[in-house]
Protein chains: 4
Amino acid sequence: MPALSRHAKGVYSIAPTPFTDRGSVDHASLDRLVDFYAAAGVDGLTILGQLGEAPKLDAAEARDIVTRVTARAPFPIVVGVSSPGFAAMRSLTGAAMDAGAAGVMIAPPPTLRTDDQIVTYYAGAAEAIGDEVPFAIQDYPLTFTVQMSPAVIRRIATDNPGCVMVKHEDWPGLEKISTLRGFDRDGEMPRLSILCGNGGLFLDFETERGADGAMTGYCFPEMLVDIVRRSAANEREAAHDLFDAHLPLLRYEQQPGVGLAVRKYVLHRRGVLGSAAQRAPATHLTPTARAEIDYLLARLARHDVRAKLAG
Amino acid sequence: MPALSRHAKGVYSIAPTPFTDRGSVDHASLDRLVDFYAAAGVDGLTILGQLGEAPKLDAAEARDIVTRVTARAPFPIVVGVSSPGFAAMRSLTGAAMDAGAAGVMIAPPPTLRTDDQIVTYYAGAAEAIGDEVPFAIQDYPLTFTVQMSPAVIRRIATDNPGCVMVKHEDWPGLEKISTLRGFDRDGEMPRLSILCGNGGLFLDFETERGADGAMTGYCFPEMLVDIVRRSAANEREAAHDLFDAHLPLLRYEQQPGVGLAVRKYVLHRRGVLGSAAQRAPATHLTPTARAEIDYLLARLARHDVRAKLAG
Amino acid sequence: MPALSRHAKGVYSIAPTPFTDRGSVDHASLDRLVDFYAAAGVDGLTILGQLGEAPKLDAAEARDIVTRVTARAPFPIVVGVSSPGFAAMRSLTGAAMDAGAAGVMIAPPPTLRTDDQIVTYYAGAAEAIGDEVPFAIQDYPLTFTVQMSPAVIRRIATDNPGCVMVKHEDWPGLEKISTLRGFDRDGEMPRLSILCGNGGLFLDFETERGADGAMTGYCFPEMLVDIVRRSAANEREAAHDLFDAHLPLLRYEQQPGVGLAVRKYVLHRRGVLGSAAQRAPATHLTPTARAEIDYLLARLARHDVRAKLAG
Amino acid sequence: MPALSRHAKGVYSIAPTPFTDRGSVDHASLDRLVDFYAAAGVDGLTILGQLGEAPKLDAAEARDIVTRVTARAPFPIVVGVSSPGFAAMRSLTGAAMDAGAAGVMIAPPPTLRTDDQIVTYYAGAAEAIGDEVPFAIQDYPLTFTVQMSPAVIRRIATDNPGCVMVKHEDWPGLEKISTLRGFDRDGEMPRLSILCGNGGLFLDFETERGADGAMTGYCFPEMLVDIVRRSAANEREAAHDLFDAHLPLLRYEQQPGVGLAVRKYVLHRRGVLGSAAQRAPATHLTPTARAEIDYLLARLARHDVRAKLAG
């Protein structure tokens with residue numbers, strides 16, 4: 001599989017980690033999940049991220065998942081390797097790249113505050129994983145409490161040849177995309193692939209602002225693929241029509257904390273996951289919440305037949 | 001005007017404070033704004049909240065606005081009196097109630113962490129403003145970083161007879177409404193009016209969960225009024241249809257930081273505000289952002305004629 | 001009184017605001033406090049800071065205190081004017097300078113994170129108060145959660161001619177002083193007066209690192225004055241001996257939250273304040289805590305006779 | 001070795017993890033360190049805590065250290081097992097107890113805010129490690145941003161029989177000790193051993209308030225042992241005299257971030273550690289900082305001969 005590139009485009013889905021109701025990794029569901037994303041037409045897959053419940057896995061399980069997914073997937077795999085220390089980051093990165101991953105993703109530890117602290121951290125991380133490993137910055141202030149200005153991202157991209165991508169999930173974030181693209185156009189920084197997260201909540205405008213696509217885990221990856229394609233084809237109205245039809249459900253899934261439970265519930269209902277279970281500490285949906293999701297799915301199915309689920 | 005009640009229902013809009021381009025309070029726009037909300041059918045109005053740029057006003061300006069609005073409005077007025085100290089809170093509350101306000105709203109200072117700290121703070125605030133003044137708790141963790149569990153709200157409501165309302169804007173927040181309503185049903189706490197904020201992002205389900213309505217500043221208060229009415233009338237599909245049509249714009253307006261600029265821009269375009277200006281420190285919309293809002297308005301106008309603006 | 005200068009040296013005490021037991025401003029104690037600082041030999045006084053309970057005063061009280069203190073004091077007065085909005089900051093600054101203050105102090109709002117946000121904020125503040133008003137940056141991350149790197153302070157000092165001082169209370173902070181002094185020596189930034197806060201916990205080394213003195217509220221300002229003098233006179237051992245004798249009490253006073261109660265208790269015991277009362281919300285000392293302070297004072301009195309209190 | 005008990009007393013030192021200059025675990029220094037603590041008279045040792053650089057170790061290294069230390073030490077070993085997920089916590093706990101540890105220590109994840117969240121988290125952790133494993137709560141708000149009121153600690157202690165100890169490092173924290181001891185005396189909660197951390201900054205009064213001793217990593221554990229002994233023997237003046245002599249250095253070591261570098265530097269100078277190196281990301285001492293520490297050691301040596309280092 002080719003290495004992650006600064007010209008990457010399209011949709012890289014964030015994969016949840018399937019567990020059985022007893023709490024072990026569910027390999028059959030994992031295989032089905034990879035096939036499901038392939039059928040949806042995604043361009044890549046990111047595993048072991050925050051919403052992949054990576055911190056709940058032990059080291060052996062994490063490596064096992066990387067091996068299994070890279071072996072099966074017909075597209076590049078990005079592996080989340082964020083760790084409190086560089087030793088664990090280096091060892092997981094090595095294992096992931098050996099197994100055939102295309103690159104890694106690194107989130108900042110929540111203690112970073114100043115521009116210099118952030119830049120220094122990424123310099124250390126880049127040195128730890130090695131220059132030849134392409135990596136994505138995860139820019140997600142709502143979860144990590146670290147705010148990176150466009151100027152900081154420019155410094156990281158300029159200092160570290162391995163930095164090829166930003167998973168953009170700042171909120172608000174539209175002007176940030178425009179600013180980064182401006183730096184690029186003016187020759188002030190190396191090009192980065194910008195893939196947008198944040199549940200996809202602003203994907204309709206993010207592509208118009210110059211983002212290369214999405215890296216998020218919305219439970220209908222087919223929709224993300226269609227939006228990016230239509231936007232690239234300048235079919236603006238069609239892109240927004242599809243986006244707007246999904247927005248009520250997408251917004252429901254994008255709630256902090258409970259979002260992963262919503263996502264796993266829908267993927268379970270769609271027949272991809274054998275169980276919606278999370279490892280502890282887990283969030284659970286009440287019957288009322290499940291009924292709300294079912295209602296949103298039923299409403300969505302009027303516009304997008306893919307949301308029609310077997311009763 | 002009657003005092004704020006624990007049985008309050010409907011829509012209490014959050015009013016922005018109109019400024020001229022030079023930065024002074026714009027009284028003509030303020031009058032127009034009150035008339036606009038009256039025409040929209042709202043049940044009350046909240047002024048001098050976070051999105052009313054209250055901290056940017058000096059004390060004389062704040063009192064002047066309270067007097068002007070209470071004199072003109074045909075509905076109850078809630079006044080935001082959150083202050084770093086109880087002396088200022090007491091004096092602004094006294095002035096507001098003298099001017100004819102129906103009650104006040106109090107947000108927690110961002111330093112509060114434990115349940116006891118929060119309960120103690122509200123006990124102090126209630127003592128400062130006086131037992132006879134009805135008040136609303138503002139429960140908005142995203143902005144204030146203070147997390148109140150349902151049990152804490154129950155303690156505050158039980159301890160303080162003046163506590164009659166919660167402005168609910170936790171996120172996620174649906175289960176919290178259900179839990180509070182359960183406490184109420186089981187006789188474990190005095191009834192509180194629950195009005196939902198957070199831009200209205202979950203209003204479609206919040207009313208179904210038992211909320212009494214909305215207290216938020218979305219730029220189409222008519223829509224909020226219709227949602228609450230349809231929901232009360234059990235017209236579920238009609239409520240969701242209208243909500244979904246507005247959701248793309250509502251989501252755009254609900255971005256932290258930039259949201260007030262969006263709101264003022266639309267209210268300016270709707271002819272209510274003479275200017276979209278904020279007092280410094282202000283956020284500004286780029287031409288691209290304004291074009292995005294115009295596009296959202298144009299799309300919305302196909303479903304809701306009230307969004308059709310004169311070119 | 002001369003304007004606050006970038007060459008200011010010595011000790012600027014942080015003055016508490018005296019209240020009576022009933023909660024009103026205690027003017028007699030305020031006068032006594034000014035005379036006490038004059039007798040202690042301080043070089044200036046800072047009023048209406050965080051530990052001056054400024055947020056608990058209403059606007060009229062704040063102005064009244066400025067007028068009274070500037071009229072009485074034989075040294076320059078710095079006034080804390082931190083406000084959530086620039087309108088209130090401008091109006092308090094104007095009143096303070098009219099009353100004869102030497103300059104103002106501005107703390108960053110706790111929402112600032114990135115370097116650019118901090119620099120932009122101070123540019124806005126400087127514009128609001130006017131170019132001719134000298135101001136001090138308050139760099140106190142423990143309380144304000146805003147972290148300013150030396151490079152950010154350099155940018156603020158370079159951009160704003162009114163910026164003449166930094167109240168340094170980062171923790172750890174010794175290297176920051178060395179770095180700022182290095183910038184100064186290398187001609188990379190205009191000279192700033194560096195006065196150290198943080199209760200004085202590292203004053204013994206801060207002066208050796210190049211700080212110009214102290215700006216803090218320790219209850220024995222005479223000690224701060226002596227340390228700075230001895231350090232300037234290269235009497236290193238004598239400076240440390242005195243510092244070490246005070247450190248047990250100083251450390252006790254420097255506890256977050258409860259510190260002001262300790263300080264007011266000692267100033268009350270020393271006969272300066274008529275009451276140790278704070279305005280609500282207040283922290284209170286238990287009898288055990290008061291006995292601990294008395295014990296520390298008794299131990300200190302063996303080394304420093306000024307700590308000997310009438311029974 | 002007996003299990004960790006709710007009657008544990010004395011000094012449990014927090015051990016740093018020795019690394020060579022090349023970054024590998026330094027086994028010779030680790031052995032020397034265990035012997036050093038034994039000679040100092042400590043009652044136990046805590047390894048793999050925050051200041052043991054635990055997050056920088058990979059899983060195999062962590063287990064190896066546990067095995068080596070428990071095999072050599074003549075006193076009980078507490079192992080820090082804080083992990084982002086319960087799976088890793090369970091597996092490290094199992095390995096530690098199998099190797100002969102006396103119990104484990106669990107810090108709260110920084111996302112916890114409300115009382116219920118904290119209580120729920122410890123219930124989940126207790127279930128994960130198993131009822132028969134004794135554990136200590138680490139109550140360190142400055143680092144973890146989680147504030148536990150005494151009532152929350154009472155709930156955790158009451159709900160979970162395995163909870164036998166609190167590592168108390170709240171700041172301010174003296175009243176918390178008194179409150180917890182009051183609960184105990186009034187039969188409102190099971191007795192907990194209270195061992196104080198926070199660098200020992202208030203140990204002189206903490207023992208007087210009812211704490212059972214210290215659990216901290218100050219570079220002169222002999223002093224901690226002496227303070228606890230003298231305090232238990234009611235030799236109040238002697239305890240304070242020794243404490244005060246160490247306070248200037250102790251305060252220097254207790255600086256956030258840089259503290260571990262100070263501690264390792266002194267332990268290196270004392271001949272215990274072969275190197276003062278930390279694993280990346282590391283903090284480094286400037287030559288000026290090292291000179292300051294040397295100066296503090298020289299001054300301390302006049303009062304405590306153990307601080308006299310070979311030139």
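As recorded by an unreviewed UniProt entry, chain A carries the name Dihydrodipicolinate synthase family protein and is attributed to Amycolatopsis ultiminotia.

**Some points on the overall build of chain A**
Of regular secondary structure, chain A possesses twelve helices and eight strands. For 311 residues, the compact-globule estimate of 2.2 N^0.38 gives 19 Å, and the C-alpha radius of gyration of chain A, at 18 Å, lies within 12% of that figure. Seen through its principal axes, chain A has C-alpha atoms that stretch 55 × 45 × 35 Å. Within chain A, contacts between residues at least 6 apart in sequence are counted, and of these 74% link residues at least 24 apart. Accessible area of chain A: about 10,700 Å², with a carbon and sulfur share of 52%. Distance between charge centres in chain A, computed from 32 positive and 37 negative side chains, equals 4 Å.

**So, the pattern of salt bridges**
All names here are of chain A. Applying the stated criterion to the full structure yields 112 salt bridges over all chains. The salt bridge involving Arg-191 is made with Asp-212; its shortest N-O contact spans 2.8 Å. With Arg-191 in the loop between α7 (174-185) and β7 (193-196) and Asp-212 in the loop between α8 (203-209) and β8 (213-216), this residue pair connects regions lying 21 residues apart in the sequence. Here the salt bridges share partners, and the residues they tie into one network are Lys-9, Arg-181, Asp-184, Arg-191 and Asp-212.

**A few points about the interface of chain B and chain D**
With eight residues of chain B in contact, the opposing surface of chain D contributes nine residues. Each partner contributes to the roughly 810 Å² buried at the junction of chain B and chain D, and carbon and sulfur atoms together form 48% of this total. On the chain B side of the interface with chain D, the three residues burying the most area are Arg113(B), Thr114(B) and Gln147(B), jointly 59% of the side's total. Taken together, chain B and chain D are joined by zero salt bridges.

**Some points on the packing of aromatic side chains**
Applying the stated criterion to the full structure yields 34 aromatic pairs over all chains. Their ring planes at 80° and their centres at 5.7 Å tell us that Phe205(A) and Tyr252(B) sit as a pair that is edge-to-face. Of this pair, Phe205(A) sits in helix α8 while Tyr252(B) sits in helix α10 (residues 236-253), each in a different chain. As far as the burial class goes, Phe205(A) and Tyr252(B) line up, both buried. Linked through ring pairs, Phe86(A), Tyr121(A), Tyr122(A) and Phe135(A) together constitute an aromatic cluster. The ring of Tyr295(B) carries the charged tip of Arg236(A) above its face, separated from the ring centre by 3.6 Å. Lying across the ring of Phe183(C), Arg154(C) places its NZ or CZ 4.0 Å from the centre.

**Brief notes about the packing of helix α1 (residues 27-40) of chain C against helix α9 (residues 221-232) of chain C**
Residues and elements named next belong to chain C. Two elements in contact, α1 and α9, have axes whose closest approach is 9 Å; the angle formed by their N-to-C orientations is 30°. Taken together, the axes of α1 and α9 lie roughly parallel to each other. Where α1 crosses over α9, the two elements pack in a sense that is right-handed. Contacts from Phe-36, Tyr-37 and Ala-40 in α1 reach Pro-221, Glu-222 and Val-225 in α9. Here the contact of α1 with α9 is built from residues that sort into five nonpolar, no polar and one charged.

**Overview of unusual backbone geometry**
Cis geometry is adopted by the peptide bond preceding Pro172(B), which originates at Trp171(B) and carries an omega value of 5°. Note that Pro172(B) resides in the loop between β6 (163-168) and α7 (174-185). Unlike most non-glycine residues, Leu48(A) shows phi in positive territory, near 65°.

**Focus: helix α11 (residues 259-269) of chain D**
Residue and element names in this part refer to chain D. The element α11 is extensively covered by neighbouring structure, given that nine of its eleven residues are classed as buried. Listed as buried for α11 are Gly-259, Leu-260, Ala-261, Val-262, Arg-263, Lys-264, Tyr-265, Val-266 and Leu-267. Where α11 is buried, its residues meet α1 (27-40), α10 (236-253) and α12 (287-301). Trailing α11 by a residue or two, Gly-271 shows a phi angle of about 85°, which is positive.

**Considerations on the sheet that holds strand β5 (residues 135-139) of chain A**
All names here are of chain A. Strand order around the closed barrel formed by eight strands is β1-β2-β3-β4-β5-β6-β7-β8, with parallel pairing between neighbours. Recorded for the sheet is a direction-independent mean angle of 25° between the axes of neighbouring strands. Bridge analysis of strand β1 (residues 10-14) against β8 gives four bridges, and the strand direction is parallel. The residue of β8 that forms the bridge with Ser-13 is Thr-216. Against the sheet, helix α2 (residues 59-72) engages β2 (44-47) and β3 (77-80), with an angle of about 170° to β2.

**Section: the sheet that holds strand β4 (residues 103-106) of chain B**
Residue and element names in this part refer to chain B. Pairing is parallel in the closed barrel, where eight strands are placed in the order β1-β2-β3-β4-β5-β6-β7-β8. Taken pair by pair, the neighbouring strands of this sheet meet at an average axis angle of 25°, ignoring direction. Summarising the sheet, strand β2 (residues 44-47) and strand β3 (residues 77-80) pair through three bridges and their orientation is parallel. In the sheet register, Ile-47 faces β3, and the bridge partner there is Val-79.

**Regarding the relation of the copies chain B and chain A**
When chain B is fitted onto chain A, the two copies agree to an RMSD of 0.0 Å after a turn of 180° and an axial shift of 0.0 Å. Those values place the two copies in the arrangement expected of a two-fold rotation axis.

**What to know about the interface of chain B and chain A**
Each partner contributes residues to the interface: chain B has 33 residues there, and chain A has 33 residues. For chain B, the biggest contributors to the area lost against chain A are Trp171(B), Arg251(B) and Tyr295(B); these three give 22% of the whole. Here chain B is connected to chain A by twelve salt bridges. Notably, a salt bridge pairs Arg299(A) with Glu237(B), separated by 3.1 Å at the nearest N-O pair. On the surface where chain B and chain A come into contact, there are 20 residue pairs in polar contact (both at pLDDT 80 or more).

**So, the pairing of β6(B)**
Residue and element names in this part refer to chain B. Here β6 lies mainly inside the structure; six of its six residues are buried. When strand β5 (residues 135-139) meets β6, the two strands line up parallel, connected through five bridges. The residue of β6 that forms the bridge with Phe-135 is Cys-163. In this structure, β6 lies alongside strand β7 (residues 193-196), joined through four bridges in parallel fashion. Bridge pairing links His-168 to Cys-196 in β7. Handedness of the β6-α7-β7 crossover: right-handed.

**Let's talk about helix α6 (residues 150-159) of chain A**
Three or more residues of α6(A) are buried, namely Pro150(A), Ala151(A), Val152(A), Ile153(A), Ile156(A) and Ala157(A). Against α4 (115-129), β5, β6 (163-168) and α7 of chain A together with α4 (115-129) of chain C lie the buried residues of α6(A).

**Concerning the relation of the copies chain B and chain D**
Mapping between the two copies of the chain is achieved by a rotation about an axis and a shift along the axis. Once chain B has been moved 0.0 Å along the axis and rotated by 180°, it coincides with chain D to within an RMSD of 0.0 Å. A share of 100% of the interface residues of chain B reappears at the interface of chain D, consistent with the copies meeting face to face through the same patch.

**Topic: the confidence of the model for chain A**
When pLDDT is averaged across chain A, the result is 95; 99% of the residues are at 70 or more. Taken over the whole predicted complex, pTM reads 0.95, whereas the ipTM for its chain interfaces reads 0.97.

**Here's the deal with the side chain of Asn198(B)**
All names here are of chain B. You can see Asn-198 is positioned in the loop between β7 and α8 (203-209). Overall, the relative accessible area of 4% leaves Asn-198 in the buried class. Among all residues touching Asn-198, those that are not within four sequence positions of it are Tyr-140, Glu-169, Asp-170, Trp-171, Thr-216 and Gln-254.

**Some points on the packing of helix α10 (residues 236-253) of chain A against α10(B)**
As a packed pair, α10(A) and α10(B) sit with axes 9 Å apart at the nearest point and diverge in direction by 80°. In terms of their interaxial angle, α10(A) and α10(B) are classed as roughly perpendicular. In this structure, α10(A) uses Phe243(A), Asp244(A), Leu247(A), Pro248(A) and Arg251(A) to contact α10(B), whose residues at the interface are Phe243(B), Asp244(B), Leu247(B), Pro248(B) and Arg251(B). Across the contact of α10(A) with α10(B), the residue classes tally to six nonpolar, no polar and four charged.

**Brief notes about the environment of Gly257(D)**
Along the polypeptide, Gly257(D) turns up in the loop between α10 and α11. For the pair Gly257(D) and Leu48(D), spaced 209 residues apart in the sequence, the C-alpha separation amounts to 17 Å.

**Observations regarding the pairing of β1(A)**
All names here are of chain A. Most of β1 sits out of view: five of its five residues are buried. Pairing of β1 with β2, which is carried by three bridges, proceeds in the parallel orientation. Bridging across to β2, Ser-13 finds its partner in Leu-45.

The rules behind each value
Residues numbered from 1 in each chain as written. Chains lettered and ligands numbered in written order. Predicted model: local features only at pLDDT ≥ 70, side-chain atom pairs only at ≥ 80, totals over all residues. Heavy atoms only, no water. Helix = DSSP H or I, 4+ residues; strand = E, 2+ residues; numbered from the N terminus. Rg over C-alpha atoms; globule rule 2.2 N^0.38 Å. Contact = heavy atoms within 4.5 Å. Areas by Shrake-Rupley, 256 points an atom, 1.4 Å probe, with all protein chains shown as cover. Lys, Arg positive; Asp, Glu negative; His and termini not counted. Charge placed at Lys NZ, Arg CZ, Asp CG, Glu CD. Salt bridge = Lys/Arg side-chain N within 4 Å of Asp/Glu carboxyl O. Buried area = accessible area lost by both parts, 1.4 Å probe. Phe/Tyr/Trp six-rings, centres within 6.5 Å; stacked < 30°, edge-to-face > 60°. Buried < 20%, exposed > 50% of the residue type's maximum accessible area, 1.4 Å probe, protein only. Lys NZ or Arg CZ within 6 Å of the ring centre and 35° of its normal. Axes fitted to C-alpha atoms, helices over the stretch in contact; angles between N-to-C directions. Parallel < 35°, antiparallel > 145°, perpendicular 65-115°, else oblique. Left-handed = near helix turned anticlockwise from the far one by under 90°. Nonpolar A, V, L, I, M, F, W, Y, C, P; charged D, E, K, R; others polar. Pairing = 2+ DSSP bridges. Least-squares fit on C-alpha atoms with pLDDT ≥ 70 in both. Polar contact = N/O pair within 3.5 Å; in protein donor to acceptor, adjacent residues only side chain to side chain. Right-handed = clockwise from strand over helix to strand, strands pointing away. pLDDT = per-residue confidence, 0-100.

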